[in-house]
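Structural description and commentary
What follows is each chain in one-letter form.
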Amino acid sequence: MSLDLPILNVPSAGSPTALPCALDLDLQGLGAVFGSLGEPRYRARQVFRALHQRGAASWDECSELPTPLRRALADRFRVRSGETVAQARSEDGTRKRLVRLADGQEIETVAIPATSPRGARRLSVCVSTQAGCAMACTFCATGSMGFARHLTTGEIVDQVYGFGRDGGARPTHVVFMGMGEPLANYAATVAAIRLLCHLDGAGLSQRRITVSTSGLVPEIRALAEESLEVTLAISLHAPDDAVRSELMPINRRYSLGELIPAATAYGERTGRRVSYEYIMLDGVNDRPDQADRLAALLPKRLSHVNLIPYNWTDAAYQASPPARAREFRDRLTRAGLSATIRASRGRDIAAACGQLKAENRCRVSPSPSGRGLG
Ligand code: SAH
Ligand code: SF4
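Source: prediction; values computed, not measured. (Residues numbered from 1 in each chain as written. Chains lettered and ligands numbered in written order. Predicted model: local features only at pLDDT ≥ 70, side-chain atom pairs only at ≥ 80, totals over all residues. Heavy atoms only, no water.)

Next up on the list: the overall build of the chain. Within the chain, the secondary structure is distributed over ten helices and twelve strands. Its C-alpha atoms give the chain a radius of gyration of 21 Å, near enough to 21 Å, the size a compact globule of 374 residues would have. Oriented by its inertia axes, the alpha-carbon framework of the chain measures out at about 70 × 40 × 40 Å. Taken across its 374 residues, the chain has 54% of its residues classed as buried. Once local pairs closer than 6 in sequence are excluded, the contacts in the chain between residues at least 24 apart make up 67%. With the model as given, the accessible surface of the chain reaches about 16,000 Å², and the carbon-plus-sulfur share is 49%. (Helix = DSSP H or I, 4+ residues; strand = E, 2+ residues; numbered from the N terminus. Rg over C-alpha atoms; globule rule 2.2 N^0.38 Å. Buried < 20%, exposed > 50% of the residue type's maximum accessible area, 1.4 Å probe, protein only. Contact = heavy atoms within 4.5 Å. Areas by Shrake-Rupley, 256 points an atom, 1.4 Å probe, with all protein chains shown as cover.)

Following this line, the structure appears as structure tokens:
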């Protein structure tokens, strides 16, 4: 039987032998599947809950379904988007996984345990949205790999469910800060947010989700119109166009003069404070006059600056000395900006921001179909 399935998005380089993944279907899509199988529609919600709320790893685990139906589904769909082929645990509790997807692409995903200021336990999962990245930021290990392909919605959400399945604490927060540029894979990113927050699914609060972008202005403006309450993080890293264009080629397409108004509009539209991420690079962007320029660039309301220690990659940068980072932060706070220095997690297993690389395993196509810089 051939099914006309409303799959949210499909891999550009999928293996012909791999079955479609059920996690790529939303509730409506599952409804269409059960309709075409002659099954009652309530089955769709049952299966949606089993996959997205319980994180079932196989059709056999969907014990609420009759066995013949489980078999029929197993003939048509996979439940998992990929398999964990390696994992590492940092001395600070951060866990990193290398996941092999159905077509052989490999991505990294990270879970970071923490305690909130009020003592609640948190588990943040840092998800990848692409295999590789086309943005070529000079300080980032993922950027040095090039772009292979977009991830599907199911491949994004399954990174979160994967950590929930291993018997420990369930993820409470999701940050789109792994490999890739989430807003270059816009439809899958937004669909993944909706799945993660679905009340019949993982039921995460939108306020516990952060989407980080190198600065795709049209997509930031589109995200502001999605009626979502997710936090937007802008990877800024420089207070002027000359330095930012050196570090981040995307700045040649969308300069600060366009980016900051788009980010400000996002904050105003959603009422959410925008995070500005700023890696402290020794002798590049950490002078006192650059702090003053940054303070003049950003609105004081609904902005927060995260000063990030540079995590080692193959690039020829050095981290700013801690005293200089503190002075930089103090200049920002004296000027009325909210600013903190962020602790790096998982560095000993190369799981910190910017270090995700899937060591040479990500197969890069010669002509990226993703959104590059052109
Ligand atoms: N592509 C998106 C999200 C993934 S990168 C973006 O660029 O925002 C997640 C964060 O890691 C970004 O803020 C990025 O600037 C930061 N990052 C990249 N390389 C880093 C490095 N070597 N040290 C510290 N942070 C880094
Ligand atoms: Fe891509 Fe973000 Fe790395 Fe830049 S910092 S190369 S946008 S993953």
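Moving on to the pattern of salt bridges. Applying the stated criterion across every chain yields a total of 21 salt bridges. Close ionic contact of Arg331 with Glu327 constitutes a salt bridge, the shortest N to O distance being 4.0 Å. Note that Arg331 and Glu327 are positioned in helix α10 (residues 322–334) at a spacing of four residues, about one turn of the helix. A relative accessible area of 27% means that Arg331 is categorised as partly exposed. A cluster of three or more residues bridged by salt bridges with shared partners is formed by Arg45, Arg49 and Asp200. (Salt bridge = Lys/Arg side-chain N within 4 Å of Asp/Glu carboxyl O.)

Close contacts around ligand 1 come from 22 residues, with Phe139, Gly180, Ser212, Ser235 and His237 the closest. Ser212 is positioned such that a nitrogen or oxygen atom in its side chain is 2.6 Å from an oxygen atom of ligand 1. Within the side chain of Ser235, an N or O atom sits 2.6 Å from an oxygen atom of ligand 1. Relative to its free-state accessible area of 530 Å², ligand 1 is covered by the protein chains to the extent of 96%. Given that more than half its atoms are within 2 Å of the pocket grid, ligand 1 belongs to the largest cavity. Elements with a minimum of two residues in the shell around ligand 1: β8 (209–213), β10 (274–280) and β11 (303–309). (Near = heavy atom within 4 Å. Polar contact = N/O pair within 3.5 Å; in protein donor to acceptor, adjacent residues only side chain to side chain. 1 Å grid on protein atoms, 1.4 Å probe; cavity = no way out; pocket = protein on both sides within 12 Å on 5 of 7 lines; lining within 4 Å. Sits in = over half its atoms within 2 Å of the grid points.)

Where helix α4 (residues 153–164) contacts helix α5 (residues 186–197), the axes come no closer than 8 Å and their chain directions differ by 40 degrees. Considering their axes alone, α4 and α5 lie oblique with respect to each other. Crossing of α4 against α5: the hand is right-handed. Counting all contacts with α4, which are made through Thr153, Ile156, Val157, Val160 and Tyr161, the residues of α5 involved are Ala188, Thr189, Ala191, Ala192, Leu195 and Leu196. A per-class count over the contact of α4 with α5 returns nine nonpolar, two polar and no charged. (Axes fitted to C-alpha atoms, helices over the stretch in contact; angles between N-to-C directions. Parallel < 35°, antiparallel > 145°, perpendicular 65-115°, else oblique. Left-handed = near helix turned anticlockwise from the far one by under 90°. Nonpolar A, V, L, I, M, F, W, Y, C, P; charged D, E, K, R; others polar.)

With respect to spatial proximity, the complete set of residues near ligand 2 consists of Cys133, Met135, Ala136, Cys137, Phe139, Cys140, Gly143, Gly180, Glu181 and Ser214. Placement of ligand 2 is best described as lying within the largest cavity. A class-by-class count of the residues in the shell around ligand 2 yields six nonpolar, three polar and one charged.

Looking now at the layout of surface pockets. A volume near 1,100 Å³ is recorded for the largest pocket. Lining the largest pocket are 36 residues; nearest its centre among them are Arg122, Ser124, Val175, Asn306 and Arg342. Among the elements of the structure, β3 (106–115), β4 (121–126), β7 (173–176), β9 (231–235), β10 and β11 are those that each provide at least two residues to the lining of the largest pocket. The biggest single contributor to the lining of the largest pocket is β3, with four residues. Of the residues belonging to the lining of the largest pocket, the class tally is 16 nonpolar, twelve polar and eight charged. (Points joined across faces, edges and corners; volume = space filled by probe spheres on them.)

Here the focus is the environment of Ile209. Within the secondary structure layout, Ile209 lies in strand β8. A residue is classified by how much of its surface remains accessible, and Ile209, at 0% relative accessible area, is buried. Separated by 22 residues in the primary sequence, Ile209 and Thr231 have C-alpha atoms spaced 6.2 Å apart. The contact partners of Ile209, leaving out residues within four places of it in the chain, are Val174, Phe176, Ile193, Leu196, Cys197, Val230 and Thr231.

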